[in-house]
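Each chain, letter by letter, is given below.
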Amino acid sequence: MSAETSTTVAAPTPDHLAEEFEALFGYRPLGSFRAPGRVNVIGEHTDYNLGFVLPIAIDRAVYVAIGQRPEGSSEGRGEDDVVGTGTVEPPRGGESIRIVSDHRDETGQRLSSQFTAAELVPGTLPGWLSHAAGVVDEIAKTTGTIVGGVDLYIESTVPVGAGLSSSHALEVAVLIALDEVYDLGLDDREKVLLTQRAENDFVGAPTGIVDQAASIMTEAGHALFLDCRDLSARQIPFDLDAEGLRLLVIDSKVSHSHSESGYGARRRTCEESAAIFGVDSLRELGDDVDLSELTDEQRKRVRHVIAENARVRATVELLEDNERATGDDHDARIRAIGDLLVASHESLAHDYEVSCVELDVAVAAAMGAGALGARMIGGGFGGSGIALIHADQVDEVGAAVTAAFAEHGFREPDIFAVSAGRGAARFD
């Protein structure tokens, strides 16, 4: 089985999104928007510690078609093979917001909802809806603009629960669509911070800013070197195709939730440790700081953050030097990046304790099959890993990981290669 082609997902076209929207709601949308998922090359659990991260936007994304309901509109329309029941719930007044997803529930009905900005309360909407609703709520708080009388149709090629930031991509796609329709005039920094507040305050997940920033700010063929303290960013050349490399994503199929997992506990421990040192964040601590007065748990968490920041800086330096390197020097830099990925995984598994047995097996199997480097990505407790490989190793490494999962009795992983995509933008 080809690890690359067996999981290829075709992206929707603008025409397809417009046609689906019109079939559901009975009128043409104003436009479509696209926000990519992300892979964090290195720099895990450093973002909320105001440190450094190095993500790429990937070529899987959330797509949103948006429209403002015509004057006097009272109901949508649909076809049986589009929405299952053949109808979209009629608008509940001129200020309601209707959202329909291409994902379906166990009965075959498309996931959908309708609400008004005035009735939004944290904790009242389930799952994916809370991410879109949180953006609407935060727009009102931040800009004073009350969103209403709009319809949204959503499709996604980002796997859910895989650590590729599907929820943040949804938030960003909804935000950039509403930003244009309502002429909010938000710059990239404001968009990043607004979606973070939606995630933290409305969804209730204490995440940092790396996912939103990667989805909004990254240029194609580059990684985003982001300083999470001041949101300063630099585009770092990371053209995998030109290098003859691939990043192989290994979705362990172990689902996770930032709001329910130990993610929040890790963040609190870091904040408590920073307070002990009298600093605003662990970013302020030097590499040679004395950790002897911390508890064993605090010491391990702090040690990971300090070392991970150093690994991000080292990776950036290698990639920038690589622009000028040739021959053996070039190959040595790529191998060194792989070594840093492995060191990151070891630190996440043993000091930060956010890996799981499936991800540990994935990393070991990938390295055993010749990967240049591999590590878990995302918040942890499930989700995905990545492997940095030569382009001709996709099938070999993918097969090795799949075999290792079968040997351990795990669910078959979803494995696919990604390239460095571009940030969020209008899609038509």
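Remember, predicted model here, so these are calculated numbers, not experimental data.

Turning to the overall build of the protein, a few remarks are in order. The helix and strand tally for the protein stands at twelve helices and twelve strands. Here the C-alpha atoms of the protein give a radius of gyration of 22 Å, agreeing with the 22 Å that 2.2 N^0.38 yields for 428 residues. Seen through its C-alpha atoms, the protein measures out along the principal axes to roughly 65 × 55 × 45 Å. Looking at the protein as a whole, 58% of its 428 residues qualify as buried. A separation threshold of at least 6 residues defines the contact pool for the protein, and within that pool the share at least 24 residues apart is 71%.

Between helix α4 (residues 166–181) and helix α5 (residues 188–203), the shortest axis-to-axis distance is 10 Å and the interhelical angle comes to 125°. The pairing of α4 with α5 is recorded here as oblique in orientation. Considering the relative orientation of α4 and α5, their crossing is right-handed. For the pair α4 and α5, the contacting residues are Ser167, His168, Glu171, Val172, Leu175, Ile176 and Asp179 in the first and Lys191, Leu194, Thr195, Glu199 and Val203 in the second. The residue makeup of the contact of α4 with α5, split by class, is five nonpolar, three polar and four charged.

In this section: the sheet that holds strand β9 (residues 373–376). Pairing in this open sheet of four strands is antiparallel, and the strands run β9-β10-β8-β11 from one edge to the other. Whereas interior strands pair on both sides, the edge strands pair on one side only; in this sheet they are β9 and β11 (414–418). For this sheet the average axis-to-axis angle between neighbouring strands, irrespective of direction, equals 20°. Looking at chain direction, strand β8 (residues 245–251) and β11 are connected through five bridges and run antiparallel. Considered in β11, the bridge of Leu247 is made with Val418. Packed onto the sheet, helix α11 (residues 357–368) meets β8, β9 and β10 (384–390) and runs at close to 175° relative to β9. Sheet strands in contact with helix α12 (residues 394–407) are β8, β10 and β11, and its direction is about 20° off that of β8.

An α-helix turns once per 3.6 residues; consequently, residues spaced three or four apart project the same way. Relative to the 16 Å expected for twelve residues at 1.5 Å per residue, helix α1 (residues 14–25) spans 16 Å between its end C-alpha atoms, a close match to the ideal helical length. Two residues or fewer past α1, Gly26 is found with a positive phi of approximately 90°.

Let's shift gears to the pattern of salt bridges. Under the definition given, this model contains 23 salt bridges. Arg375 is the partner of Glu44 in a salt bridge, and the nearest nitrogen-oxygen pair spans 2.8 Å. With Glu44 in the loop between β1 (31–42) and β2 (52–68) and Arg375 in strand β9, this residue pair connects regions lying 331 residues apart in the sequence. Here Glu320 makes a salt bridge to Arg234, at a shortest N to O gap of 3.0 Å. Residue Glu320 is found in helix α9 (residues 296–322), and its partner Arg234 is found in strand β7 (residues 233–237); the two are separated by 86 residues along the sequence. Owing to a relative accessible area of 39%, Arg234 belongs among the partly exposed residues under this scheme. Through salt bridges with shared partners, a single ionic network connects Asp296, Glu297, Arg299, Lys300, Arg301 and Glu353.

Turning our attention to the nonpolar core. Counting 80 residues, the largest nonpolar core has Val39, Leu54, Ile56, Leu178, Leu247 and Leu388 as the members making the most contacts within it. The element that contributes the greatest number of residues to this core is α4, accounting for nine residues. Beyond its immediate stretch of four places on either side in the chain, Leu388 contacts Leu240, Leu245, Arg246, Leu247, Ile334, Ile337, Gly338, Leu341, Ala371, Leu372 and Gly373. Formed by 20 residues, the second largest nonpolar core is a distinct cluster that contains Leu248, Val363, Ile415 and Ala417.

Once that is clear, we can look at the packing of aromatic side chains. Remark: the centre distance and the inter-plane angle together describe each pair of aromatic rings, the angle taken between the planes. Inspection of the entire model under this criterion finds six aromatic pairs. A ring pair is formed by Phe21 and Phe25, whose centres lie 4.7 Å apart and whose planes are at 55°; its orientation type is tilted. Of this pair, Phe21 and Phe25 both sit in helix α1, four residues apart, roughly one helical turn. Judged by relative accessible area, Phe21 falls into the buried class, the value being 0%. Looking at Phe25, the relative accessible area reads 1%, which means it is buried. Across the ring face of Phe416, the terminal group of Arg60 is positioned such that the distance to the ring centre comes to 3.8 Å. Residue placement shows Arg301 over the ring face of Tyr352; its charged tip is 6.0 Å from the ring centre.

This part covers the confidence of the model for the protein. Residue-level pLDDT values for the protein average 89, and 91% of them are 70 or greater. Overall, residues 1–7 carries pLDDT values under 50, and its contacts beyond four positions in sequence, including any with other chains, amount to 19 contacts. For the stretch residues 75–86, pLDDT sits under 50, and the model shows 34 contacts to residues farther than four places along the chain or on other chains.

Contact pair helix α3 (residues 127–143) / α5: the axes reach a minimum separation of 8 Å and the direction vectors enclose 110°. With respect to α5, the axis of α3 lies roughly perpendicular. At the point where α3 passes α5, the crossing takes the right-handed sense. Contacts between α3 and α5 involve Ser130, His131, Ala133, Gly134, Val135, Asp137, Glu138, Ile139 and Thr142 from the former and Leu194, Arg197, Ala198, Glu199, Asp201, Phe202 and Val203 from the latter.

Now for the side chain of Asn49. Within the element layout of this structure, Asn49 appears in the loop between β1 and β2. A distance of 2.9 Å separates a polar atom in the side chain of Asn49 from the backbone oxygen of His45. Once you skip the residues sitting within four places of it in the chain, Asn49 turns out to touch Cys270, Ser281, Leu282, Arg283, Val305 and Tyr352.

The next point concerns the pairing of β2. For β2, the tally of buried residues reaches 15 of 17 residues, placing the bulk of the element in the interior. In this sheet, β2 lies alongside β1 in antiparallel orientation, the contact comprising ten bridges. The partner of Val39 across the bridge, within β2, is Ile56. Strand direction decides the pairing type here: β2 and strand β5 (residues 150–156), joined by seven bridges, are antiparallel.

Basis of the calculations
- Residues numbered from 1 in each chain as written.
- Predicted model: local features only at pLDDT ≥ 70, side-chain atom pairs only at ≥ 80, totals over all residues.
- Heavy atoms only, no water.
- Helix = DSSP H or I, 4+ residues; strand = E, 2+ residues; numbered from the N terminus.
- Rg over C-alpha atoms; globule rule 2.2 N^0.38 Å.
- Buried < 20%, exposed > 50% of the residue type's maximum accessible area, 1.4 Å probe, protein only.
- Contact = heavy atoms within 4.5 Å.
- Axes fitted to C-alpha atoms, helices over the stretch in contact; angles between N-to-C directions.
- Parallel < 35°, antiparallel > 145°, perpendicular 65-115°, else oblique.
- Left-handed = near helix turned anticlockwise from the far one by under 90°.
- Nonpolar A, V, L, I, M, F, W, Y, C, P; charged D, E, K, R; others polar.
- Pairing = 2+ DSSP bridges.
- Expected span 1.5 Å × (residues − 1).
- Salt bridge = Lys/Arg side-chain N within 4 Å of Asp/Glu carboxyl O.
- Core = buried A, V, L, I, M, F, W, Y, C linked by side-chain atoms within 4.5 Å.
- Phe/Tyr/Trp six-rings, centres within 6.5 Å; stacked < 30°, edge-to-face > 60°.
- Lys NZ or Arg CZ within 6 Å of the ring centre and 35° of its normal.
- pLDDT = per-residue confidence, 0-100.
- Polar contact = N/O pair within 3.5 Å; in protein donor to acceptor, adjacent residues only side chain to side chain.

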